[in-house]
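# Summary of structural features
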Amino acid sequence: MSTPFTPDVVEAIKRHMNDDHADDALLIVRGLGGRPEATAARTSGVDAEAIEFVAVVGGEDVTVRVPWSTTLTERAQVRWEVVRLYREACAALGVPARGEH
């Protein structure tokens, strides 16, 4: 896993996702991560290639990586990619997406 992000940046992104977007993470895992049966998910990592989650599937923790649409080179791209993943996951699951994130 390559990453242009420092450990502090990764921790900040994880904290923000887990504190403010836990429901979005679950939708992404269910809709795009190949784990439609997941009951919970938390962001566990971010690198240039993907966002990573730990999902609860059948009572067990399972790692799920969902790739970005492109290799990321700066922190600002993470927000846009997460929003894109969220919207794609909602579409895949037939769930209406909220407005702006």
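This write-up is about the structure you can find in this document. (Residues numbered from 1 in each chain as written. Predicted model: local features only at pLDDT ≥ 70, side-chain atom pairs only at ≥ 80, totals over all residues. Heavy atoms only, no water.)

Let's shift gears to helix α1 (residues 7-20). Taking 1.5 Å of rise per residue, 14 residues should cover 20 Å, and α1 covers 20 Å from first to last C-alpha, within 8% of that figure. Every buried residue belonging to α1 is among Val9, Val10, Ala12, Ile13, Lys14 and Met17, and all of these are buried. Of the surrounding elements, those touching the buried residues of α1 are α2 (22-32), β1 (40-46), β2 (50-57) and α3 (76-93). (Helix = DSSP H or I, 4+ residues; strand = E, 2+ residues; numbered from the N terminus. Expected span 1.5 Å × (residues − 1). Buried < 20%, exposed > 50% of the residue type's maximum accessible area, 1.4 Å probe, protein only. Contact = heavy atoms within 4.5 Å.)

Turning our attention to the nonpolar core. In globular proteins that are soluble, nonpolar side chains generally tend to be buried together. Ile51, Trp68 and Val78 are the most contacted members of the largest nonpolar core, which totals 28 residues. Mapped by element, the contributors of at least two residues to this core are α1, α2, β1, β2, β3 (60-67) and α3. Tallying contributions element by element places α3 first for this core, with 6 residues. (Core = buried A, V, L, I, M, F, W, Y, C linked by side-chain atoms within 4.5 Å.)

Going through the model one piece at a time under the given rule, you end up with 7 salt bridges. Ionic pairing is found between aspartate 47 and arginine 65, a salt bridge with its closest N-O pair at 3.0 Å. Residue aspartate 47 is located in the loop between β1 and β2, and its partner arginine 65 is located in strand β3; the two are separated by 18 residues in the primary sequence. Residue aspartate 47 is classed as buried on the basis of its relative accessible area of 2%. On the basis of relative accessible area, arginine 65 is assigned to the partly exposed category, the value being 35%. (Salt bridge = Lys/Arg side-chain N within 4 Å of Asp/Glu carboxyl O.)

Turning to the environment of glutamine 77, a few remarks are in order. Tracing the sequence through the fold places glutamine 77 in helix α3. Remark: the alpha-carbon pair of glutamine 77 and arginine 87, spanning 10 residues in sequence, is separated by 16 Å. Of note is the side chain of glutamine 77, whose polar atom sits 2.6 Å from the backbone nitrogen of threonine 73. (Polar contact = N/O pair within 3.5 Å; in protein donor to acceptor, adjacent residues only side chain to side chain.)

In this section: the packing of aromatic side chains. All told, the structure shown has 0 aromatic pairs when counted by the stated rule. A cation over a ring is seen here: arginine 79 above tryptophan 80, with NZ or CZ 4.9 Å from the ring centre. (Phe/Tyr/Trp six-rings, centres within 6.5 Å; stacked < 30°, edge-to-face > 60°. Lys NZ or Arg CZ within 6 Å of the ring centre and 35° of its normal.)

Burial analysis of β2 places 7 of its 8 residues in the buried class, the great majority of the element. By the bridge criterion, 6 bridges tie β1 to β2 in an arrangement that is antiparallel. Counterpart to arginine 42 in the pairing with β2 is valine 54. In textbook terms, the turn of a hairpin is the stretch between consecutive antiparallel strands, and for β2 and β3 this stretch comprises 2 residues, one of which, glycine 58, has a positive phi near 60 degrees. (Pairing = 2+ DSSP bridges.)

Right, let's talk about the side chain of threonine 43 for a bit. Relative to the helices and strands, threonine 43 is located in strand β1. Not counting the four nearest positions on each side in its chain, threonine 43 is found in contact with Lys14, Met17, Asn18, Ala25, Ile51, Glu52 and Phe53.

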